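Fold and contact review
Here are the chains, one letter per residue:
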Amino acid sequence: MLASTFPGRLDEQVRTVSKLVIATRESRLALWQAEHVKALLEQRGHEVSLLGMTTKGDQILDRSLSKVGGKGLFVKELEVALEQGQADLAVHSLKDVPMDLPEGFALACVMEREDPRDAFVSTRHASFDALPPGAVVGTSSLRRVVLLRSLRPDLKIEPLRGNLDTRLRKLDEGNYDAIVLAAAGLKRLGLGQRIRQVFEPEQMLPAAGQGALGIEVRADRRDLIDILAPLAHQTTWLAVAAERAVSRAMGGSCSMPLAAYATVSGEYLQLRAAWGDPDGAVPLARAQSAAPIADLTRAAELGTGVAGQLRAAGAH
């Protein structure tokens, strides 16, 4: 569900809800995110508790997401809790949220973005360029695979699943020379010192929604949409609406190596996207566009246009 304007207004009278329940995954990062939202809501006078849940995406660690169902594996159980009334809202890393929500659900709020970039993490090497030929780099993202190969075809890219702490442990145990993670997660958990280098977007274009938090509710909960409106960051929401529209138009899922990243400058939204072939059979396709953007509908239209450019450049 995508509204053409931002839900709610900051000056609206909203009815007091005696207690709100947030559904969340139980990983340390997911709990940090839920606690962050909980604290903001409590500051506004609401009583809030957490409902921790384990999703299929957390349980299946021996196969890549693209082979077992994609992004929806991280949100389905939380949506069931919303549907059954066990929880009022669910907090997600937006890059884990499918581009089209199931009927009856809405993205009620997108919060201010943390660092959207990818981070190079290594115990042995000071930078990405310092990796020797044949070094083993771990990532679970097809997007990162194709972008890393475009930068350094001499490296060996190996799968890496698990939550953030699990991935760091596998690195520390010597299974990889380096791994690539989202900078936002490391910074949110106070692990910024593990970052040896941050990839600028010109090197590694981020995933759609990377670094942003999204709050999902049942679409009929207008009371919650109004309550969450003050937590929304409209600049971030415009940017990620454009990014997610690229992915939606391309049929985006975990099985698609797609990057999309938008920035706002004044009234203009600049959007860049890239698509790569995991097998390396065709060159990396890139596209970009900019336009004055005032609402979510126009942001989505920009994303759809950039997706058309990608297809014209050979993406499919």
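Residues numbered from 1 in each chain as written. Predicted model: local features only at pLDDT ≥ 70, side-chain atom pairs only at ≥ 80, totals over all residues. Heavy atoms only, no water.

Ordered by their spatial adjacency, 5 strands build an open sheet running E7-E6-E8-E5-E9, and the pairing between neighbours is mixed. With partners counted over all chains shown, the strands left at the sheet margins are strand E7 (156-158) and strand E9 (195-199), one partner each. Going across the sheet, the axis of each strand differs from the next one's by a mean of 30°, ignoring polarity. Note: strand E6 (residues 136-138) against E7, 3 bridges, orientation parallel. In the strand pairing of E7, Val137 is matched with Ile157. Helix H5 (residues 142-151) rests against strand E5 (118-121), E6, E7, strand E8 (178-182) and E9 of the sheet, and its axis sits at about 125° to E8. Together, E5 and E8 form the strand contacts of helix H6 (residues 164-172), whose direction differs from that of E8 by roughly 165°. (Pairing = 2+ DSSP bridges. Helix = DSSP H or I, 4+ residues; strand = E, 2+ residues; numbered from the N terminus. Axes fitted to C-alpha atoms, helices over the stretch in contact; angles between N-to-C directions. Contact = heavy atoms within 4.5 Å.)

Let us now look at H6. Listing the buried residues of H6 in full gives Leu164, Thr166, Arg167, Leu168 and Leu171. Buried residues belonging to H6 abut E5, E8 and helix H7 (183-188). N-capping of H6 is provided by Asn163, with a side-chain oxygen placed 3.2 Å from the backbone N of Asp165. (Buried < 20%, exposed > 50% of the residue type's maximum accessible area, 1.4 Å probe, protein only. Polar contact = N/O pair within 3.5 Å; in protein donor to acceptor, adjacent residues only side chain to side chain.)

Take the pattern of salt bridges next. If the charged atoms of two oppositely charged side chains come close together, the side chains can form a pair. Within this structure, the stated rule accounts for 20 salt bridges. Where Arg28 meets Asp165, a salt bridge forms, and the shortest distance between an N and an O atom there is 2.8 Å. Of this pair, Arg28 sits in helix H1 (residues 28-43) while Asp165 sits in helix H6, placing them 137 residues apart in sequence. According to the relative accessible area criterion, Arg28 is partly exposed, its value standing at 41%. (Salt bridge = Lys/Arg side-chain N within 4 Å of Asp/Glu carboxyl O.)

Further remarks concern the packing of helix H9 (residues 234-249) against helix H10 (residues 296-312). Direction vectors running N to C along H9 and H10 enclose 40°, while the axes themselves pass 7 Å from each other. For the element pair H9 / H10, the angle class is oblique. Viewed along their axes, H9 and H10 form a crossing whose handedness is right-handed. Where H9 approaches H10, its residues Trp237, Leu238, Ala241, Ala242, Ala245, Val246 and Ala249 are matched on the opposing element by Leu296, Ala299, Ala300, Gly303, Thr304, Val306, Ala307, Leu310 and Arg311. Counted by class, the contact of H9 with H10 contains 13 nonpolar, 2 polar and 1 charged residues. (Parallel < 35°, antiparallel > 145°, perpendicular 65-115°, else oblique. Left-handed = near helix turned anticlockwise from the far one by under 90°. Nonpolar A, V, L, I, M, F, W, Y, C, P; charged D, E, K, R; others polar.)

What follows concerns the side chain of Lys38. Within the secondary structure, Lys38 sits in helix H1. Look at Lys38 and you get buried, because its relative accessible area is 18%. Lys38 has contacts with Ile22, Val48, Ser49 and Leu50, leaving out every residue within four places of it along the chain.

This brings us to the pairing of strand E4 (residues 105-110). With 6 of its 6 residues buried, E4 lies for the most part within the structure. Across 5 bridges, the pairing between E4 and strand E10 (residues 213-218) is antiparallel. Paired with Leu107 across the strands is Glu216, a residue of E10.

Let us now look at H1. Relative to the 22 Å expected for 16 residues at 1.5 Å per residue, H1 spans 22 Å between its end C-alpha atoms, a close match to the ideal helical length. Packed against the buried residues of H1 are strand E1 (20-25), strand E2 (48-53), strand E3 (89-93), H7, E10 and helix H8 (222-228). In the stretch just after H1, Gly45 is the one whose phi turns positive, near 95°. (Expected span 1.5 Å × (residues − 1).)

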